[in-house]
Amino acid sequence: MSTTVKEPPATTHKHRRTKREAHEARTGWLFMAPFAVLFTFIFVIPIFVSIYKAFFQTRVVGGGAFGGGDSQQVFVGFDNFAYVVGSDVFWAGIGRVILYTLFQVPIMIGLALVLALLIDSLILRHVTIYRLSYFLPYAVPGVVAAIIWMYIYTPTVSPLNSLFDAMGVEFPIDFFSSNVILASMANMTTWTFAGYNMLIFLAALQAIPRDLYEAARVDGASSWQIVRYIKIPMVRGAALLAILLSIVGTIQLYNEPAVLATKNTWMGQAYTPLMMALNTAKGYITPSGDGPASAIAIMMAIIAGVLAVIYFLTDRKVNGND
């Protein structure tokens, strides 16, 4: 006597699948919740607070001929933005960081790519040591790195001074002159971030299938041809990311000029836009307070975004990815 096994209805399978997918979705959101909460409080909320404060100024209300009165937040509309847009000091700072970006970022990205290609090649042994040594400067806090380099740049105390004395020459370069100081800061930033960008390129290089290299060698390609026609074209995405991050970072240039300004007072308190924003918030620049400082920060963000978009669109057009 045969028995027949009844198949469960299709609706039962669908119900089980839907229930499982809902459980996986809840689990995913649960794991993401700590990041989402921190991201909201550390990043999203401060942005909206900054935008809100940009429409206010701290002013003294009340009092008489002999002073007095209370400091209050007064709504001023777009006055803070009008002040920033019409400020020659702000645009001079923007000009400095754009000039800084134009010659510092290509050098840093090129150096990072070369280091990544060296590590990815079969030339170097003990790759872990080289990878760690290249990345180590990034682990040094920015202010500490700036102080170290200022010490190296100062002729009277620099460890290089004894070397030049032994060679019978004076300290050859004034690293603090107005014509050189941007290059001095660029050297500091490149030393710090070349290793960081090297890791971005190295991750992209190691994601390339090794079969492509073997196929190229079978076809008679040299090591240089593999680098030129396979490796470099396939890390374009990593290069785009590194350059976009660098553009945004250089607009926010602060540690290096702030430390160097302690020795070179001619730089002033608004040498870069971020220095201007922080010194405005501290009350060292008039109009002062959170309102004008927030307006400066928002204008910096807009300019950084515009430059990033311009580079992104230019990259797509030049490389035929329209």
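Residues numbered from 1 in each chain as written. Predicted model: local features only at pLDDT ≥ 70, side-chain atom pairs only at ≥ 80, totals over all residues. Heavy atoms only, no water.

Enquirer: Hey, could you go over the confidence of the model for the chain for me, with residue numbers and the actual values?
Expert: When the pLDDT values of the chain are averaged, the result is 85; 90% of them are 70 or greater. Here helix 6 (residues 159-166) is the element of the chain with the lowest mean pLDDT, 78, and helix 2 (residues 79-85) is the one with the highest, 93. (pLDDT = per-residue confidence, 0-100. Helix = DSSP H or I, 4+ residues; strand = E, 2+ residues; numbered from the N terminus.)

Enquirer: Hey, could you go over the pattern of salt bridges for me, with residue numbers and the actual values?
Expert: Side-chain pairing between opposite charges can occur once the charged atoms of the two side chains come close. Counted by the stated rule, this structure contains four salt bridges. Asp 120 serves as the salt-bridge partner of Arg 210, at 3.1 Å between the closest nitrogen and oxygen. Remark: Asp 120 occurs in helix 3 (residues 88-120) and Arg 210 occurs in helix 8 (residues 210-218); sequence separation between them is 90 residues. On the accessibility criterion, Arg 210 (39% relative accessible area) is partly exposed. On the basis of relative accessibility, which here comes to 9%, the residue Asp 120 falls in the buried class. Here Glu 214 and Arg 217 are joined by a salt bridge, their closest N and O atoms 3.7 Å apart. One end of the pair is Glu 214 and the other is Arg 217, both in helix 8 and three residues apart, which spans about a single turn. (Salt bridge = Lys/Arg side-chain N within 4 Å of Asp/Glu carboxyl O. Buried < 20%, exposed > 50% of the residue type's maximum accessible area, 1.4 Å probe, protein only.)

Enquirer: Summarise the nonpolar core; cite the residues concerned and give the values.
Expert: Core analysis: the largest hydrophobic core is formed by 39 residues, its most contacted members being Phe 90, Leu 260, Tyr 271 and Ile 296. Elements supplying a minimum of two residues to this core: helix 2, helix 3, helix 5 (142-153), helix 7 (181-206), helix 11 (255-261), helix 12 (273-282) and helix 13 (290-318). Considering each element in turn, this core owes the most residues, seven residues, to helix 13. Residue contacts for Ile 296: discarding those within four places in its chain leaves Val 84, Phe 90, Pro 273, Met 276, Ala 277 and Thr 280. Counting residues in each nonpolar core, the second largest holds 28 residues, with Met 108, Ala 204, Leu 205 and Ile 247 among its members. (Core = buried A, V, L, I, M, F, W, Y, C linked by side-chain atoms within 4.5 Å. Contact = heavy atoms within 4.5 Å.)

Enquirer: For the environment of Ala 238, give the residues involved together with the corresponding values.
Expert: When you line up the elements, Ala 238 lands in helix 10 (residues 236-251). For Ala 238 and Ala 203, which are 35 residues apart along the polypeptide, the C-alpha to C-alpha distance reads 8.5 Å. If near-sequence neighbours (up to four positions away) are discounted, Ala 238 is found in contact with Ile 200, Phe 201 and Ala 204.

Enquirer: Just give me the short version of the packing of aromatic side chains, but keep the residues and values in it.
Expert: Here the distance between the centres and the angle between the planes together describe a pair of aromatic rings. As enumerated under the stated definition, the model contains 17 aromatic pairs in all. On the basis of an interplanar angle of 50 degrees and a centroid distance of 6.1 Å, the ring pair of Phe 78 and Phe 81 is categorised as tilted. Relative to Phe 103, the ring of Tyr 100 has its centre 6.1 Å away and its plane inclined at 70 degrees; by these criteria the two rings are edge-to-face. Of the two residues, Tyr 100 and Phe 103 are both situated in helix 3; the distance of three residues between them amounts to about one turn of the helix. The exposure class assigned to Tyr 100 is buried, which follows from its relative accessible area of 0%. (Phe/Tyr/Trp six-rings, centres within 6.5 Å; stacked < 30°, edge-to-face > 60°.)

Enquirer: Which residues make up the side chain of Asn 279, and what are the values?
Expert: Topologically, Asn 279 is positioned in helix 12. The residues touching Asn 279, leaving out its near neighbours within four places in the chain, are Gln 269, Tyr 284 and Ile 285.

Enquirer: Which residues make up the environment of Ser 158, and what values do they have?
Expert: The residue Ser 158 is located in the loop between helix 5 and helix 6 in this model. Given the relative accessible area of 5%, Ser 158 is considered buried. As a C-alpha pair, Ser 158 and Ile 148 span 10 residues in sequence and 9.9 Å in three-dimensional space. In this structure, Ser 158 is in contact with Tyr 151, Ile 152 and Phe 171, ignoring residues within four places of it in sequence. Reaching out from Ser 158, the side chain makes a polar contact with the backbone oxygen of Ile 152 at a distance of 2.6 Å. (Polar contact = N/O pair within 3.5 Å; in protein donor to acceptor, adjacent residues only side chain to side chain.)

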